[in-house]
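Residue-level structure breakdown
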Amino acid sequence: MSAVLAEWTKLRSVPRWIATLVGAAVLTVGLSALGAAGGTTDINDHPNFVTGPDGDPVADGFGFAHRTVTGDVSVTVHVTSLTPTGARADRGGPDRGTVVPRTPWTDVAAGITLKDGTEPGSSYVSVLLTGSNGVRMQSDFTQDVAGTPSADDRWLRLTRTGDEVTGFESADGVEWQQIATMTPAAVPDTAEVGPAVLSAPAVYVARGMGGASMGEHPESAVATFQDVTVTPASDGTWRGTAVTMPITDDLIAMGAAEAPSGPVLTERSGTYTVTGSGKVGPQAPDDDVVEAALLGVVAGLMALICVGALFGTSEYRRGMIRTTFTAVPRRGQVLAAKATVLGAATFVLSLVAVVASFVVAVPILQDSGMAPPAFPTPSLTDAAVVRALVLTALFMTSVTLVALAVGMLVRRSAVAITFTIVLVVLPLVAGTVLPGTSPRWLMYTTLAGGLATLRAKPPTATLAEPWALIGPGAGITVVLCYAAAALGLAWWQLRRRDA
Amino acid sequence: MTGALRAEWTKARSLPSTGWLVCVVALGMVALGLAVTGTLRVDECGDDPCVLDTVRLSLAGVNVAQVGAAVLGVLLVTGEYATGTIRPTLVSVPRRGEVLAAKVAVVGVLTAGGAALGVGGALLVARAVLPSRGFTAEAGYPDSTLLHDLTQRAAVGTVLYLVLVALLGVGIGLLVQDTGGAVTLMMAVLFLGPVLALFVSDPDWQAWLHRYAPTDAGLAVQATRDLAALHIAPWPGLGLVAGYAAAVVLAGGVVLCRRDA
């Protein structure tokens, strides 16, 4: 305990260090605010999305063969084929960079949809047979439950009882198994129901030479449905509608393509052939308000690394280390005390700095365009925001401890500072220079991966920043491993070597 | 002046760190260049028609080499303040401008030597490696040779850039006088621009950062293809870095002359 007290006295009695620590926090907040004031986005003026039932940005485009039903209803179909047509079928392999893997929300799919009319963005519930993600039941652009991983032809059923809708699937139309029961937000008593086909655009990412460029190619698919039954039997005819996103001249100028024209629905002796193009699912931009609000972290981190390294090396420069070891002969204890004091001080300061950055920068970002509906307002009570802020503070703390340990190991401040900073920033610069090859492995092996903690949104391959390739859990694990390894090595050398 | 030069040269060469840092400059160029060219494949780039700037990629080691150059410049100044040799230095050469000029000359020559070795080595390595990765004359990638004027510009420009970075280090070392602070500041000068450009989503701000951040502006001189896409032209970019370096060294000189050592 007295060792901790001694280290705390050393840390707080060097005015330059205290100034740098506080300066790191001020730098973080100030640069974050400055960066937030700089960038502007016009995505809300030129949206590539519509708003879903809860106000979030969504994509809603598919081929819909539908009829109007009222009250409780059950619809059964037998999906006998699902064939991608157009671009995806033609393309042998990626020729414009890497294809972003298909998620349950961006797959080709055929099934039954129950929807509030045919306006894009309206409430719905679906059971779908997808191309590579098995059977899914989805609702309102947010809920997604997996059925069996089946890819063969499949019988699907959607049953509505009051507000609840239950999805079933079957291999033969005789033995049925339930997938899930969902309550869509706003499907009224009288709604549209019937076979649906969707095929999300393929997304290609080419990275290298300082950025990532993303391209989208619209795709379409054809599915055949047999044994289509609606109970209670309702009269009326099936109508085919291509549910499409509103497309403006702005979007066409930016490279968006109009949906292919042609009949959505053809029927021959009980076999319904439906053509569809588009994606039904969340369409939030990959850019992250929380990450943008923490722009200053890298600069603050450099100042923290400086203090961390000097806290280790300056004892050697002044010969103070001998006094320290005379007072506390157990050297492991000295290192533990140093790490505790520096870690605690850094964590508190970093947490204050990132929370302040968030509070200051988010309103500025919203003024400059990162606003709802494209970017829902993040709140300090969101689990994802709390995770991002706490993990970012932990990331800054761990890197500072790496600098301390390297400082104790090499005893030269220039080497310790340079080594640690380079380990954080060089992979980022190298990752943008290298063409083609994914910089993902660099993120998994260097301190740069820790920047993944800044993001509140899930990982994505579509952004220029390489740290968005990995998740926050992986990022913080890499940094914690570095800190543990560096401190362990320093402890071992401290016991072995002369001071 | 000769005496001041000899004194600075003796101080520089008798420090073990000097040799190491010149090695970082030379070997960093070659090693990272090899890591890049050795993992490159001709069919890997995204947009078509696509041409990779193989000369620039072979010289990617400058990202590591500049760290060595910066620390070399800083240490030859702050080392004197840390050990106190600055006082005997100023006693024996009372005209402080002469001390500064001698330091600049020694740092410049040392960095230029390491950088020339590194750039030459990196280009030789690239020339040996690239054909086996598919970058042949038939594929549109003739051997990089110093006879080609764009390659020449990239090579000479890279050496000059590294010298300017080392001089920036001298200037910041004189201004800060403390090793830790000066090294941290140099790392921020070199890397903050490119990293912040990754954060900023607004293309105007990105372009502004690429144009005025020292690393991006200075390394425009390495481009040999697709010159129209550069944010700042090659020589003006390097000229901007020269301006930064001159301003910082002059400010450092003023501090050296005015402040007590």
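Residues numbered from 1 in each chain as written. Chains lettered and ligands numbered in written order. Predicted model: local features only at pLDDT ≥ 70, side-chain atom pairs only at ≥ 80, totals over all residues. Heavy atoms only, no water.

**Considering the overall build of chain B**
A tally of helices and strands in chain B yields 11 helices and 0 strands. Overall, chain B shows an N-to-C arrangement of helices and strands of α-α-α-α-α-α-α-α-α-α-α. Relative to the 2.2 N^0.38 estimate, which gives 18 Å for 261 residues, the radius of gyration of chain B is 20 Å and therefore close to what a compact globule would have. Sequence-distant contacts in chain B: of pairs separated by 6 or more residues, those separated by 24 or more amount to 79%. For chain B, the exposed surface amounts to about 10800 Å²; the carbon and sulfur share of it is 66%. The centroid of the 16 positive side-chain charges in chain B is displaced by 15 Å from the centroid of its 17 negative side-chain charges. (Helix = DSSP H or I, 4+ residues; strand = E, 2+ residues; numbered from the N terminus. Rg over C-alpha atoms; globule rule 2.2 N^0.38 Å. Contact = heavy atoms within 4.5 Å. Areas by Shrake-Rupley, 256 points an atom, 1.4 Å probe, with all protein chains shown as cover. Lys, Arg positive; Asp, Glu negative; His and termini not counted. Charge placed at Lys NZ, Arg CZ, Asp CG, Glu CD.)

**Regarding the overall build of chain A**
If you tally the helices and strands in chain A, you get 12 helices and 20 strands. Taking the principal axes of the C-alpha coordinates as reference, chain A spans close to 95 × 50 × 40 Å. Of all 499 residues assigned to chain A, the portion counted as buried reaches 53%. Sequence-distant contacts in chain A: of pairs separated by 6 or more residues, those separated by 24 or more amount to 75%. Summed over all atoms, the accessible surface of chain A reaches about 20000 Å², with 59% contributed by carbon and sulfur. If you average the places of the 32 positive and of the 40 negative side-chain charges in chain A, the two averages end up 23 Å apart. (Buried < 20%, exposed > 50% of the residue type's maximum accessible area, 1.4 Å probe, protein only.)

**Topic: the interface of chain B and chain A**
Each partner contributes to the interface: chain B provides 37 residues, whereas chain A provides 46 residues. Around 3400 Å² of area is buried between chain B and chain A when both sides are counted, 75% of it from carbon and sulfur atoms. Three residues stand out in chain B for area buried against chain A, namely Thr-184, Leu-198 and Phe-199 of chain B, and they jointly supply 21% of the buried area on that side. Between chain B and chain A we count 1 salt bridge in total. Linking Arg-16 of chain A and Asp-178 of chain B is a salt bridge whose minimum nitrogen-to-oxygen distance equals 3.5 Å. Viewed at the interface, chain A and chain B are joined by 1 residue pair in polar contact (both at pLDDT 80 or more). If you list the elements that add at least two residues to the side of chain B that touches chain A, you get helix 2 (16-39), helix 3 (54-58), helix 4 (62-83) and helix 8 (179-199) of chain B. (Buried area = accessible area lost by both parts, 1.4 Å probe. Salt bridge = Lys/Arg side-chain N within 4 Å of Asp/Glu carboxyl O. Polar contact = N/O pair within 3.5 Å; in protein donor to acceptor, adjacent residues only side chain to side chain.)

**So, the sheet that holds strand 8 (residues 135-139) of chain A**
Residues and elements named next belong to chain A. Pairing is antiparallel in the open sheet, where 7 strands are placed in the order 9-8-7-6-13-3-17. Of all strands in the sheet, those bounded by a partner on one side alone are strand 9 (143-146) and strand 17 (239-243). Pairs of neighbouring strands in the sheet enclose a mean axial angle of 25°, with direction left out of account. In this structure, strand 8 lies alongside strand 9, joined through 4 bridges in antiparallel fashion. Residue pairing in the sheet places Ser-139 in a bridge with Gln-143 of strand 9. (Pairing = 2+ DSSP bridges. Axes fitted to C-alpha atoms, helices over the stretch in contact; angles between N-to-C directions.)

**Looking at the pattern of salt bridges**
Under the counting rule described, the total for this entry stands at 16 salt bridges over all chains. Among the ionic contacts, a cluster of salt bridges with common partners joins Glu-7, Lys-10, Glu-315 and Lys-338 of chain A.

**Some words on the UniProt feature "transmembrane region" (unreviewed entry) in chain A**
Residue and element names in this part refer to chain A. Mapped onto the present numbering, the UniProt feature "transmembrane region" (unreviewed entry) falls on residues 292-312, 339-365, 385-407, 414-434 and 467-492. For residues 292-312, the helix share is 86%, the strand share is 0%, and the end-to-end C-alpha distance is 33 Å. This span, residues 385-407, is 100% helix and 0% strand, and a straight line between its end C-alpha atoms measures 33 Å. (UniProt positions renumbered as here; feature names shortened; annotations may be inferred.)

**Quick word on the sheet that holds strand 18 (residues 265-268) of chain A**
Hydrogen bonding along the main chain pairs the strands of a sheet, whether they run parallel or antiparallel. Residue and element names in this part refer to chain A. Strand order in the open sheet formed by 7 strands is 12-11-10-4-16-19-18, with antiparallel pairing between adjacent strands. Every interior strand has two partners, whereas the edge strands, strand 12 (177-182) and strand 18, have only one. For this sheet, the mean inter-axis angle between neighbouring strands, taken without regard to orientation, is 25°.

**Examining the UniProt feature "transmembrane region" (unreviewed entry) in chain B**
Residue and element names in this part refer to chain B. Taken from the UniProt record, the annotation "transmembrane region" (unreviewed entry) applies to residues 20-40, 60-79, 100-126, 154-176, 183-201 and 235-257. The span residues 20-40 shows a helical share of 95% and a strand share of 0%, and its end C-alpha atoms are spaced 29 Å apart. The distance from the first to the last C-alpha atom of residues 60-79 is 29 Å, and the span holds 90% helix and 0% strand.

**Details of the pairing of strand 6 (residues 108-115) of chain A**
All names here are of chain A. Burial of strand 6 is extensive: 8 of the 8 residues sit out of reach of the surface. In the sheet, strand 6 pairs with strand 13 (residues 190-199) via 8 bridges, with the strands oriented antiparallel. Its bridge partner being in strand 13, Leu-114 is matched across the sheet by Val-193. With 7 bridges joining them, strand 6 and strand 7 (residues 124-130) adopt antiparallel strand pairing. Each residue of the ladder has a partner; that of Ala-109, found in strand 7, is Thr-130.

**Points about the pairing of strand 13 of chain A**
Residue and element names in this part refer to chain A. Where burial is concerned, most of strand 13 is hidden: 9 out of the 10 residues are buried. Of the strand pairs in this sheet, strand 3 (residues 62-70) and strand 13 are connected by 6 bridges, and their pairing is antiparallel. Bridge pairing links Phe-64 to Ala-196 in strand 13.

**Some remarks on a nonpolar patch on the surface**
Residue and element names in this part refer to chain A. On the surface, Ile-18, Val-22 and Val-26 cluster together to form a nonpolar patch covering roughly 230 Å² of accessible area. With respect to the secondary-structure elements, Ile-18 resides in helix 2 (residues 15-38). With relative accessibility at 30%, the residue Ile-18 sits in the partly exposed group. (Patch = residues over 30% accessible without salt bridge, like charges linked within 9 Å, V, L, I, M, F, W, Y side chains within 5 Å.)

**What about the packing of aromatic side chains?**
All names here are of chain A. Scanning the model with the defined rule gives 7 aromatic pairs over all chains in all. With centroids separated by 5.2 Å and ring planes inclined at 50°, the aromatic side chains of Phe-62 and Phe-64 adopt a geometry described as tilted. Each member of the pair, Phe-62 as well as Phe-64, carries the same accessibility label: buried. It is Arg-157 that lies over the ring of Trp-176; its NZ or CZ is 4.2 Å from the centre. Stacked on the ring of Phe-311, the Lys or Arg Lys-338 has its end atom at 4.3 Å from the ring centre. (Phe/Tyr/Trp six-rings, centres within 6.5 Å; stacked < 30°, edge-to-face > 60°. Lys NZ or Arg CZ within 6 Å of the ring centre and 35° of its normal.)

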